Amino acid sequence: MEKQHPLNDLMGTAMEKIRTMVDANTIIGTPIQTGEVTLIPVSRLSFGIASGGSDFVTKNQKPEQENSFGGGSGAGAKLEPVAFLIIRGESVRLLPVVPGPATTVDRVIEAVPEVVDKVTAFLEKQQEKKSQEDELL
């Protein structure tokens, strides 16, 4: 049987701890029901993991003895609330929690759906007016 290196144990323990912290309910939270409105929290999870080790021989070590091992591991996680999905009847809306867009391009991209809706509504009104004027002539 092949002997397992201590570094494998360090990595395995760190990964197991992260696995227990992260599941689907961490990112898309449990829905909150308030009357006819349902709120679903949405979060962003970032995490990092590092591990390292070293085998080294001591002066007095006999050739048949195993090398000494030194190692360590660490992990960090950051969970940020991003938005809430608001469901009311057939309407679904995303309410951001984070600050608004930082650049002009971000603002334009964020506003595109709303602008398209307004332009479409304006064009429809213009066509209605034109068709009513044509009917009068």
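Before reading on, note that the structure itself is shown above.
Residues numbered from 1 in each chain as written. Predicted model: local features only at pLDDT ≥ 70, side-chain atom pairs only at ≥ 80, totals over all residues. Heavy atoms only, no water.

Colleague: Hey, could you run me through the pattern of salt bridges in this one?
Modeller: If charged atoms from side chains of opposite charge come close, those side chains can pair. According to the stated counting rule, one finds two salt bridges in the structure shown. Across the salt bridge formed by Lys 78 and Glu 80, the nearest N and O atoms sit 4.0 Å from each other. Overall, the relative accessible area of 25% leaves Glu 80 in the partly exposed class. Taken together, the shared-partner salt bridges connect Arg 44, Lys 78 and Glu 80 into one network. (Salt bridge = Lys/Arg side-chain N within 4 Å of Asp/Glu carboxyl O. Buried < 20%, exposed > 50% of the residue type's maximum accessible area, 1.4 Å probe, protein only.)

Colleague: How should the pairing of strand 4 (residues 91-96) be read in this particular structure?
Modeller: Within a regular beta strand, the side chains point alternately toward one face of the sheet and then the other, so they alternate between its two faces. In terms of burial, strand 4 is a largely surface element, zero of the six residues being buried. Connecting strand 3 (residues 68-88) to the next strand, strand 4, in antiparallel fashion are two residues, including Gly 89 with a positive phi near 65°. (Helix = DSSP H or I, 4+ residues; strand = E, 2+ residues; numbered from the N terminus. Pairing = 2+ DSSP bridges.)

Colleague: Honestly, the environment of Ala 83 in this entry has me stumped. Any pointers?
Modeller: Relative to the assigned elements, Ala 83 resides in strand 3. Between the C-alpha atom of Ala 83 and that of Pro 41, which follows or precedes it by 42 residues, the distance is 6.2 Å. Once residues within four sequence positions are removed from consideration, Ala 83 is found in contact with Ile 40, Pro 41, Val 42, Leu 94, Leu 95, Pro 96 and Val 97. (Contact = heavy atoms within 4.5 Å.)

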